[in-house]
Amino acid sequence: MTIIEYHHTHQCIIITPVEPPHDEDFELWSRLFLHHNEITINEYSAGADRHQLRFTYQQQTFNLNFEHYSQSIWINGEGHDAEHLLAALTFYLS
């Protein structure tokens, strides 16, 4: 079971899957993870050590990030209004 935790201090949502996706599978994994009625996927970008999927929830933009080396997965909001929705997004994804 995937653990989804909101960290108020760091203004992010930490995602801990049972098994982290492989680097080349993150785009598919992220699209499946965010496949919900109230979420719209905007764009995906891949780098050498970090991948990012931008999406919209309640008319605000967020980033689902994956860092290859640490196998860390987290969501952060783009802007103050998005950061205020992180707790609600955590509940929605759970």
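This text goes with the structure placed above it.
Residues numbered from 1 in each chain as written. Predicted model: local features only at pLDDT ≥ 70, side-chain atom pairs only at ≥ 80, totals over all residues. Heavy atoms only, no water.

Asker: Now, about helix 1 (residues 26–33): what can you tell me, with residues and values included?
Answerer: Those residues of helix 1 lying buried are F26, W29, S30 and F33. Looking straight down helix 1, one finds its buried side chains confined to an arc of 95°; they lie on one side. The exposed residues of helix 1 that point more than 90 degrees off its buried face are L28 and L32. (Buried < 20%, exposed > 50% of the residue type's maximum accessible area, 1.4 Å probe, protein only. Helix = DSSP H or I, 4+ residues; strand = E, 2+ residues; numbered from the N terminus. Arc of directions from axis to C-beta.)

Asker: Would you mind going over the packing of aromatic side chains in detail, with residue names and values included?
Answerer: Per the counting criterion, the structure on display carries six aromatic pairs. Aromatic side chains F26 and F66 sit 4.9 Å apart centroid to centroid with 15° between the ring planes, which places their arrangement in the stacked category. Here F66 lies in strand 5 (residues 60–67) and F26 lies in helix 1, a separation of 40 residues in the sequence. For the pair F26 and F66, one class covers both residues: buried. Ring geometry for F55 versus F62: centroids 5.6 Å apart, planes at 20°, classification stacked. By relative accessible area, which is 0% here, F55 ends up buried. By relative accessible area, which is 0% here, F62 ends up buried. These aromatic residues form a ring-pair network of at least three members: F26, W29, F33 and F66. (Phe/Tyr/Trp six-rings, centres within 6.5 Å; stacked < 30°, edge-to-face > 60°.)

Asker: Which residues make up the sheet that holds strand 2 (residues 12–16), and what values go with them?
Answerer: Taken together, six strands build an open sheet; the order of strands is 1-2-6-5-4-3 and the sheet is antiparallel. The open sheet is flanked by strand 1 (3–7) and strand 3 (39–46), the only strands paired with a single partner. Looking at each pair of strands side by side, their axes are set apart by 20° on average, direction ignored. One ladder, built from five bridges, connects strand 1 with strand 2; its direction is antiparallel. Residue pairing across strands places E5 opposite I14, the latter belonging to strand 2. With respect to the sheet, helix 1 is in contact with strand 1, strand 2, strand 3, strand 4 (50–57), strand 5 and strand 6 (72–77), its orientation differing from that of strand 5 by roughly 140°. Each of strand 1, strand 2, strand 3, strand 4, strand 5 and strand 6 is contacted by helix 3 (residues 86–93), which is oriented at about 170° to strand 1, the strand it contacts most. (Pairing = 2+ DSSP bridges. Axes fitted to C-alpha atoms, helices over the stretch in contact; angles between N-to-C directions. Contact = heavy atoms within 4.5 Å.)

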